[in-house]
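In case you want the letters, here they are:
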Amino acid sequence: MYLVRLMRLRAYVNAIKRGARPTFLGSLGTTRPLSDRWGFDRGRPVDRWYIDRFIRQHKADITGRVLEVEESEYTNKFGQGVTEPAVLDVDPNNPRATIVADLQRADVIPEGHFDCFILTQTLQLIPDVRAALRHARRVLRPGGVLLTTVPVTSKVCEPPHTDHWRWTPLGFSLVMKEVFPDDEVTVRGHGNVLSSIAFLKGMAAEELLEHELAEDDERFPLVVCARAVKAA
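Thresholds applied
All residue numbers here refer to positions counted from 1 along the written sequence of the relevant chain. It should be noted that, the model being predicted, local features are given only for residues of pLDDT at least 70 and side-chain atom pairs only at 80 or more, the latter also being counted only at that level, while totals for whole chains, interfaces and linings use all residues. Note that the side-chain values use all heavy atoms of the structure and ignore hydrogens as well as water. Put simply, a salt bridge is a Lys or Arg side-chain nitrogen that is within 4 Å of an Asp or Glu carboxyl oxygen. Three labels apply to residues, based on accessible area from a 1.4 Å probe with only protein chains included: buried if under 20% of the type maximum, exposed if over 50%, partly exposed otherwise in between. Working definition: rings of Phe, Tyr and Trp (its six-membered ring) pair if their centres are within 6.5 Å, and the pair is stacked with planes under 30 degrees apart, edge-to-face with planes over 60 apart, and tilted otherwise. A run of DSSP states H or I qualifies as a helix once it reaches four residues; a run of E qualifies as a strand once it reaches two. Both are numbered from the N-terminal end. For a lysine, the NZ atom is tested; for an arginine, the CZ atom; a charge sits over a ring if that atom is within 6 Å of the ring centre and within 35 degrees of the ring normal.

Colleague: Before we go on, may I ask you to explain the pattern of salt bridges in this structure?
Modeller: Note that side chains of opposite charge can pair when their charged atoms are close. Here the structure, examined in full by the defined rule, presents 16 salt bridges. Between Arg48 and Asp47 there is a salt bridge; the shortest N-O distance is 3.8 Å. Judged on exposure class, the residue Arg48 and its partner Asp47 are both buried. The salt bridge partner of Asp217 is Arg219, with a shortest N-O separation of 2.8 Å. When its relative accessible area of 63% is taken as the criterion, Arg219 is described as exposed. Ionic contacts of the salt-bridge type, sharing partners, join the residues Arg44, Asp52 and Glu73 into one network.

Colleague: Explanation requested: the packing of aromatic side chains in the structure shown.
Modeller: Aromatic rings considered in pairs are described by the distance between their centres and by the relative angle of their planes. Tallying each qualifying case throughout the model produces three aromatic pairs. When the ring of Trp49 is compared with that of Tyr50, the centres are 5.0 Å apart and the planes differ by 80°; the resulting orientation is edge-to-face. The same class applies to Trp49 as to Tyr50, namely buried. Measuring from centroid to centroid gives 6.2 Å for Tyr74 and Phe78, while their planes differ by 10°, and the two rings are stacked. You can see Tyr74 and its partner Phe78 sitting in helix α3 (residues 73-78), four residues apart, about one turn around the helix. Considered together, Tyr74 and Phe78 belong to a single accessibility category, that of buried residues. Here the basic side chain of Lys155 rests over the ring of Trp38, its NZ or CZ set 4.2 Å away from the ring centre.

Next comes the structure, spelled out in structure tokens:
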């Protein structure tokens, strides 16, 4: 520990000699994260702050027949006039699932059935993303809305889950517009360098100030949020 402090002190001195402001890393100055669970054990994960904000901004879309993955958290929290809440999961042991299917092969879901599909932080776990998005579009009625989010920066999932993808806002926009070519599609990145570092270290959103989270820097997005409206 003494040797580490000495090396860090030398780094600070060298920074001053170069005319640079020295950086004091504090509890961040370690190669181990503060949390191995994305910050769930410390509070609300940082990426969820942006996802919650995105879903809240589009809560008017969450109406009628609404499909969500794994649980109906956002449907229950923000839904208005929901007539049929449904939960999709590939796991048949999920007691909350009303539809058991793989989104890549979701022919069991009737075409044009849902008014809204909330698909958050799921596509990175699916090998064939385009097939999943095609089914997501297929199950929406004309005028129906897909609200989806994907990670830019995140720790890799551990078994039994498997991460396949990360996206930039531009990259995800290309995929979305390929699958929704004639529809209204809006894609934006959210987050900044501080929130990205905090999320990687496993900090919780409650450990950052509101203005630190609220600033979006297009150079350092943490998550990508997309809204697609299926054309009539």
